[in-house]
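Chain by chain, the residues run as shown.
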Amino acid sequence: MLQTSTTHHFRVTSAVTLLFLLTTFASFGQPRYQWQPLTDSNWDTAANWVPTRLSPAATDVLVFDGTFTPSTSVTLDFTASQNIGQLIFINRVQATLNTVGSQTLVIGAQSPAVGLQMDAGTLVQVVGRLGSSNSSLAMQLAVGTRAAIAGRLEFSGNASFTSSHTLLSATAKAIEFTGGSYFLSGTTFEGFPFGSLTANTESVVFRSGATFEQAGGRSPFGERTYAVTIFDLGSYYLYTAGGTGSVGLSGRTFGYLTVNANRTPTAGTYGANKVIIQNDLMILSGTHTFNEAV
């Protein structure tokens, strides 16, 4: 009996080509690009991504990997709006995203992928660019797209202007801060970090061991009687704002609530609704009036 065999020959033209093939198939058909800046810090410079990101698409997976870029600063120089598939921060990367105006980044991962991923030990700072007014980034998750945040996320402005960045979703519990994660609403931040519309109701959840610190800006709950953010048993809400603002109490539910502000803030209210503190209330400084039922 005559036996035959067929040998298949593959030619890899470069390591970059191989990386592109492997990561594309690994991301459910979504092209994957890794941030490795060469000559500048601009997001839209094609050569700052591996492989070269010549034609940005709504399915792109963009990765910031601390193995290759331990600390990096990125200028978000794209036009007013850009759509991508995923935004991933891994391996303890420290990334500063600098806005250049009022910009929107729409993230719409294909299920079962997570749209915004921040692993434990990562740090992402969203900063309004120095000297630019109305410089803010809106990260908008498409319907059904999730955010899994285990690292530290910070929103801030600059020495001259405040910024009103947002992380938004219209899907219940789509934005999840897991145990050990940290969100900082900085002293130069203004506005509601997770929105305040009815569509944003209960879209954000802080799990046990996760921390929200309000050093500036407004309440994570929004400005209405419905709550945009859920604080689970064992989560932490730390109020350290030194300027204007208030601790939104009425009708709200906290895990641990800690107030450490050397001033006398007003108490926000929606009538006589109860405040629920599931763990402990700690007043570390300042004079604070709680006209609430518990």
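Rules used in this analysis
Per chain, residues are indexed from 1 in the order of the written sequence. Where local features are concerned, this predicted model is filtered to residues with pLDDT of at least 70; where side-chain atom pairs are given and counted, the filter is 80 or more; whole-chain, interface and lining totals use all residues. Side-chain numbers come from the whole structure's heavy atoms, not from hydrogens or water. Per residue, pLDDT captures the predictor's confidence, and it can take any value from 0 to 100. By the convention used here, residues are in contact when the closest approach between their heavy atoms is within 4.5 Å. Only DSSP runs of H or I covering at least 4 residues are called helices, and only runs of E covering at least 2 are called strands; the numbering of each starts at the N terminus. The buried label applies to any residue whose accessible area, calculated with a 1.4 Å probe on protein chains only, is under 20% of its type's maximum; exposed applies above 50%, and partly exposed to all values in between. Within 3.5 Å is the distance limit for a polar contact, defined as a pair of N or O atoms, with the added protein rule that one can donate a hydrogen and the other accept it, and that residues adjacent in sequence qualify only through two side-chain atoms. Two strands form a pair only when DSSP identifies at least two bridges running between them. The axes are straight lines fitted to the C-alpha atoms, using for helices just the contacting stretch, and the angles between their N-to-C directions are given from 0 to 180°.

### Some thoughts on the confidence of the model for the chain
Step number 1: Overall, the predicted model of the chain reaches an average pLDDT of 85, with 82% of residues at or above 70.
Step number 2: Segment residues 1-28: pLDDT under 50, and 16 contacts once partners within four positions in sequence are set aside and those in other chains are kept.

### Overview of the environment of Asn48
Step number 1: Along the chain, the position of Asn48 falls in the loop between strand 1 (32-35) and strand 2 (49-50).
Step number 2: With a relative accessible area of 0%, Asn48 lands in the buried category.
Step number 3: A polar contact is formed between the side chain of Asn48 and the backbone oxygen of Asn42, at a distance of 2.9 Å.

### Regarding the sheet that holds strand 14 (residues 166-168)
Step number 1: With parallel pairing, four strands are arranged side by side in an open sheet as 5-8-11-14. Both outer strands of the open sheet, strand 5 (81-84) and strand 14, are each paired with one neighbouring strand and no more. The mean inter-strand angle of the sheet, taken between neighbouring strand axes irrespective of direction, is 15 degrees.
Step number 2: Note: strand 11 (residues 136-141) against strand 14, three bridges, orientation parallel.

### Examining the sheet that holds strand 18 (residues 211-214)
Step number 1: If you trace the nine strands from one edge of the open sheet to the other, you get 4-7-10-13-16-18-20-23-26, paired in parallel fashion. Two strands bound the open sheet, and with one partner strand each, they are strand 4 (71-75) and strand 26 (281-285). Adjacent strand axes in the sheet meet at a mean angle of 10 degrees, parallel and antiparallel pairs treated alike.
Step number 2: Bridging between strand 10 (residues 123-128) and strand 13 (residues 152-156) involves five bridges; their strand directions are parallel. Residue pairing across strands places Val124 opposite Leu153, the latter belonging to strand 13.

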